[in-house]
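Inside the fold
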Amino acid sequence: NIAEFYHFYAGAADKLHGETLPIDKPDMLAMTLREPLGVIAAVVPWNSQLFLSAVKLGPALAAGNTVVLKASEHASAPMLEFGRLFEEAGFPPGVVNIVTGHGDPCGRVLTSHPLVQRISCTGGPGSARQVVRNSAENFAEGSLELGGKSPFLVFEDADLESAVNGA
């Protein structure tokens, strides 16, 4: 259930904090701070949009960031409807943004924008190459999930209804 991912990350939101680190110098203090990066670009393909959005939006929002999600040009309508749920849930305007369009110019402008601090992209190798090239403009951190066709085997003793659901 995709809602469980959002529930998990919502629960993590108040668990992210800095720590004071032990140090052998009495006149010094060493600590870590957890601070939001800022603007996160999330690029999702046409398949598994809601799941992939959950694993990108959930942690980014829990850490205090804003997100610009680029929906696939092949199936953007569901993501636009999904974006309305954030407004309905009371998120402030601009915290979650959904953009649509082709990789060039939409994806290019998003992933090279100077305010984007991190890019999370799920797609094919061609898309990943473009994202890496584009992020050279803004030095954004990136994480790439290069999808495949996710083949799996169904054995004769499998629960077929469950296997179909998993497919």
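Refer to the structure above for everything that follows.
As the structure is a computational prediction, the values presented were derived from the model and not from experiment.

**A short note on the overall build of the protein**
Across its full length, the protein holds six helices and seven strands. Element order for the protein, N to C, with α for helix and β for strand: α-β-β-β-α-β-α-β-α-β-α-β-α. If you line up the protein on its principal axes, its C-alpha atoms span 65 × 45 × 35 Å. The buried share of the protein, taken over its 167 residues, is 29%. Across the protein, the centroid of the 11 positively charged side chains sits 10 Å from that of the 18 negatively charged ones.

**Things to note about the packing of aromatic side chains**
A complete count under the given rule lists six aromatic pairs for this structure. Ring geometry for Tyr6 and Phe86: centres 6.4 Å apart, planes at 70 degrees, overall edge-to-face. Residue Tyr6 is located in helix α1 (residues 2-12), and its partner Phe86 is located in helix α3 (residues 77-88); the two are separated by 80 residues in the primary sequence. Here the aromatic rings of Phe86 and Phe91 are separated by 5.1 Å at their centres, their planes lie at 75 degrees, and the arrangement is edge-to-face. Aromatic ring contacts, followed pair by pair, group Tyr6, Phe82, Phe86 and Phe91 into a single cluster.

**Section: the sheet that holds strand β7 (residues 141-146)**
Read across the open sheet, the five strands follow the order β5-β4-β3-β6-β7; overall the sheet is parallel. Edge positions in the sheet fall to β5 (96-99) and β7, since each has one partner strand and no second. Averaged over all pairs of adjacent strands, the angle between their axes in this sheet comes to 15 degrees, without regard to strand direction. With five bridges connecting them, strand β3 (residues 39-43) and strand β4 (residues 66-70) associate as parallel partners. The residue bridging Val43 from the neighbouring strand is Lys70, located in β4. Sitting on the sheet, helix α4 (residues 103-112) touches β3, β4, β5 and β6 (116-123), and the angle it makes with β4 is about 160 degrees. Here helix α5 (residues 125-135) sits on the sheet and contacts β6 and β7; the angle it forms with β7, its principal contact strand, is near 175 degrees.

**A closer look at unusual backbone geometry**
Of note, the amide linkage connecting Asp104 to Pro105 takes the cis form, showing an omega dihedral of 20 degrees. The residue Pro105 is located in helix α4 in this model. The backbone phi angle of Ser48 is positive, close to 60 degrees, even though this residue is not glycine. Looking at the element boundaries, Ser48 is found in the loop between β3 and α2 (49-62).

**Things to note about α2**
For an α-helix the count is 3.6 residues per turn, leaving residues at separations of three or four pointing the same way. The first and last C-alpha atoms of α2 sit 19 Å apart over 14 residues, in line with the 20 Å expected at 1.5 Å per residue. With respect to burial, α2 is a largely interior element, ten of its 14 residues being buried. Within the span of α2, buried status applies to Gln49, Leu52, Ser53, Ala54, Lys56, Leu57, Gly58, Ala60, Leu61 and Ala62. Just past α2, the residue Gly64 takes up positive phi, approximately 90 degrees.

**Considering the side chain of Ser120**
Position of Ser120 among the secondary structure elements: in strand β6. Apart from residues lying up to four places away in sequence, Ser120 is in contact with Ala41, Ala42, Val43, Lys56 and Ser143.

**Focus: the pattern of salt bridges**
Under the criterion given, the structure shown has six salt bridges. With a closest N to O distance of 4.0 Å, Lys25 and Asp24 form a salt bridge. Under the relative-accessibility criterion, Lys25 is labelled partly exposed at 41%. Residues Arg84 and Glu81 are paired through a salt bridge, measuring 3.6 Å at the closest nitrogen-oxygen approach. Of this pair, Arg84 and Glu81 both sit in helix α3, three residues apart, roughly one helical turn.

Calculation notes
- Residues numbered from 1 in each chain as written.
- Predicted model: local features only at pLDDT ≥ 70, side-chain atom pairs only at ≥ 80, totals over all residues.
- Heavy atoms only, no water.
- Helix = DSSP H or I, 4+ residues; strand = E, 2+ residues; numbered from the N terminus.
- Buried < 20%, exposed > 50% of the residue type's maximum accessible area, 1.4 Å probe, protein only.
- Lys, Arg positive; Asp, Glu negative; His and termini not counted.
- Charge placed at Lys NZ, Arg CZ, Asp CG, Glu CD.
- Phe/Tyr/Trp six-rings, centres within 6.5 Å; stacked < 30°, edge-to-face > 60°.
- Pairing = 2+ DSSP bridges.
- Axes fitted to C-alpha atoms, helices over the stretch in contact; angles between N-to-C directions.
- Contact = heavy atoms within 4.5 Å.
- Expected span 1.5 Å × (residues − 1).
- Salt bridge = Lys/Arg side-chain N within 4 Å of Asp/Glu carboxyl O.

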